[in-house]
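Overview (structure and organization)
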Amino acid sequence: MILLSNMRTFLLLSSLPLASQVSTNLLLILLPLVVIELGLVVFSLVDLFRPERRVIGGNKLVWALIIVLVGTIGPIVYLLAGRKQT
Amino acid sequence: MRGFAVLLNKEIAEQWRTGRLPVVAVIFLLFGLASPVLAKYTPDIVKLAASTIDIHVPTPTIKDAVAELIKNLSQIGVLAAILLAMGSVAGEKEAGTAAFVLVKPVSRFAFLAAKFSGLAVTMAAAVLICGLAAYLYTDLLFAPLTVVGFAAACLVILLGLLEIAAVTFLGSTLVRSSIPAAGIGIVALVVAGIVSSLPNVGHFTPFGLNELAMDLALRQTATGWDWPVITNAGFVVVALAASWLVFRRQEI
């Protein structure tokens, strides 16, 4: 949690007027992290809302909230433990 | 071990098909990349966030990068180990697929061994990817680590993760549902956390291995590593043996 909130803080700060303090190299270093983290969330949501997907507990909305709101842990828990295997 | 090779192939194919292997690999990749970055730039983030307050933050070193990696793996890695192991046997018993597989000419030992081996392959692949990413980014942002020392540190971390996975796997064998199995893994984790803070015995827990991994990554050598490694490997064997004793006569 702390890890990702740090990352988000950093990205937020980088995108504001402070951006001039951030080198292109640093943004290139950060790019894979942002792509992977966003990719995990998008992939989880796409998988969740597939019509044939069944989830533990049966409530897709709750899982959507977990994926979106619980940082990186949300997609991890959903992808590894939230899906019922068909 | 009748049917082991076939079952192991099936397990690895299933880990891939169900997305567990790629998902765990991507998660570990994320933390392998993020750890050196966070170690390097956290002081800058703190300074930028609290620009009006005069805060002295020490300059980050390569030691911080390795410490960040080990800390993240002992949190997220352990969570992944529990989530992977909790349904490995219990899920199959619950869904009835274990009974279906065991009517074929395969032994129960082969069934269990293939299950845990598949889990171990997934964890090993994830730690390998995480290690490569962390090594690359640490080299880029700090300085190169010694390959042998860092590889040994990754193996020690993997052993700690497999230990938690083995205890959760035992839980998964004991019960018929994934959630109580995860509960057993979490209880084991809490107990290991408490014991790791005790003097003299702390080194013999999965968390105690973190210090050893740190020494190996930074100095390529570590003193007194033998008994902690042997003991932790012993715990894995004991947990798996207990799983076998439970499963061999269990009504599926």
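About the cut-offs
- Residues numbered from 1 in each chain as written.
- Chains lettered and ligands numbered in written order.
- Predicted model: local features only at pLDDT ≥ 70, side-chain atom pairs only at ≥ 80, totals over all residues.
- Helix = DSSP H or I, 4+ residues; strand = E, 2+ residues; numbered from the N terminus.
- Rg over C-alpha atoms; globule rule 2.2 N^0.38 Å.
- Buried ≥ 20, exposed ≤ 12 C-beta atoms within 10 Å, placed from the backbone.
- Contact = placed C-beta atoms within 7 Å.
- Axes fitted to C-alpha atoms, helices over the stretch in contact; angles between N-to-C directions.
- Parallel < 35°, antiparallel > 145°, perpendicular 65-115°, else oblique.
- Left-handed = near helix turned anticlockwise from the far one by under 90°.
- Core = buried A, V, L, I, M, F, W, Y, C linked by C-beta atoms within 7 Å.
- pLDDT = per-residue confidence, 0-100.

**Describing the overall build of chain B**
A count of helical and extended segments in chain B gives 10 helices and zero strands. Taking 2.2 N^0.38 as the reference for a compact globule, 252 residues should give roughly 18 Å; the C-alpha atoms of chain B span a radius of gyration of 20 Å, in line with that estimate. Taking the principal axes of the C-alpha coordinates as reference, chain B spans close to 70 × 40 × 35 Å. Expressed as a percentage of the 252 residues in chain B, the buried residues total 48%.

**Re the overall build of chain A**
The helix and strand inventory of chain A stands at four helices and two strands. Its helices and strands taken in sequence order, chain A reads α-α-β-α-α-β from the N to the C terminus. For chain A, buried positions account for 23% of its 86 residues.

**Some details on the interface of chain A and chain B**
Contact residues are listed per partner, giving 20 residues for chain A and 24 residues for chain B. Contributing elements (two or more residues each) for the side of chain A that touches chain B: α1 (2-15), α2 (24-48) and α4 (73-82) of chain A. In terms of residue count, α2 of chain A provides more of the side of chain A that touches chain B than any other element does, seven residues in total.

**Overview of the packing of helix α2 (residues 20-49) of chain B against helix α3 (residues 62-86) of chain B**
Residue and element names in this part refer to chain B. The N-to-C vectors of α2 and α3 enclose an angle of 160 degrees; their axes lie 8 Å apart at closest approach. Classed by the angle they form, the pair α2 and α3 counts as roughly antiparallel. Relative to α3, the crossing made by α2 is right-handed. Counting all contacts with α2, which are made through Arg-20, Val-24, Ile-27, Phe-31, Ser-35, Pro-36, Leu-38 and Ala-39, the residues of α3 involved are Asp-64, Ala-65, Glu-68, Leu-69, Asn-72, Leu-73, Ile-76, Ala-80 and Leu-84.

**Considerations on the nonpolar core**
All names here are of chain B. Residues Ile-27, Ala-80, Ala-81, Ile-157 and Ala-165 are the most contacted members of the largest nonpolar core, which totals 92 residues. With 16 residues, helix α7 (residues 147-174) is the largest single contributor of residues to this core. Setting aside its immediate chain neighbours within four residues, Ala-81 contacts Met-123, Leu-161, Ile-164, Ala-165 and Thr-168.

**A word on the packing of helix α1 (residues 4-17) of chain B against helix α6 (residues 108-141) of chain B**
All names here are of chain B. For the pair α1 and α6, interaxial distance at closest approach is 8 Å and the crossing angle is 40 degrees. When the axis of α1 is compared with that of α6, the two are oblique. In this structure, α1 crosses over α6, and the sense of that crossing is right-handed. Contacts from Phe-4, Leu-7, Leu-8, Glu-11, Ile-12 and Gln-15 in α1 reach Ala-110, Phe-111, Ala-113, Ala-114, Lys-115, Ser-117, Gly-118, Val-121 and Thr-122 in α6.

**Points about the confidence of the model for chain B**
Of all residues in chain B, 100% have pLDDT values of 70 or greater, and the mean over the chain is 91. Interface confidence for the predicted complex, expressed as ipTM, amounts to 0.80; the pTM equals 0.87.

**What to know about the environment of Val-156 of chain B**
Residue and element names in this part refer to chain B. Mapped onto the elements of the fold, Val-156 is located in helix α7. On a C-alpha basis, the gap between Val-156 and Leu-7 in space is 27 Å, while along the polypeptide they are 149 residues apart. Setting aside residues no more than four positions away along its own chain, Val-156 makes contact with Leu-209, Leu-212, Ala-213, Leu-216 and Val-229.

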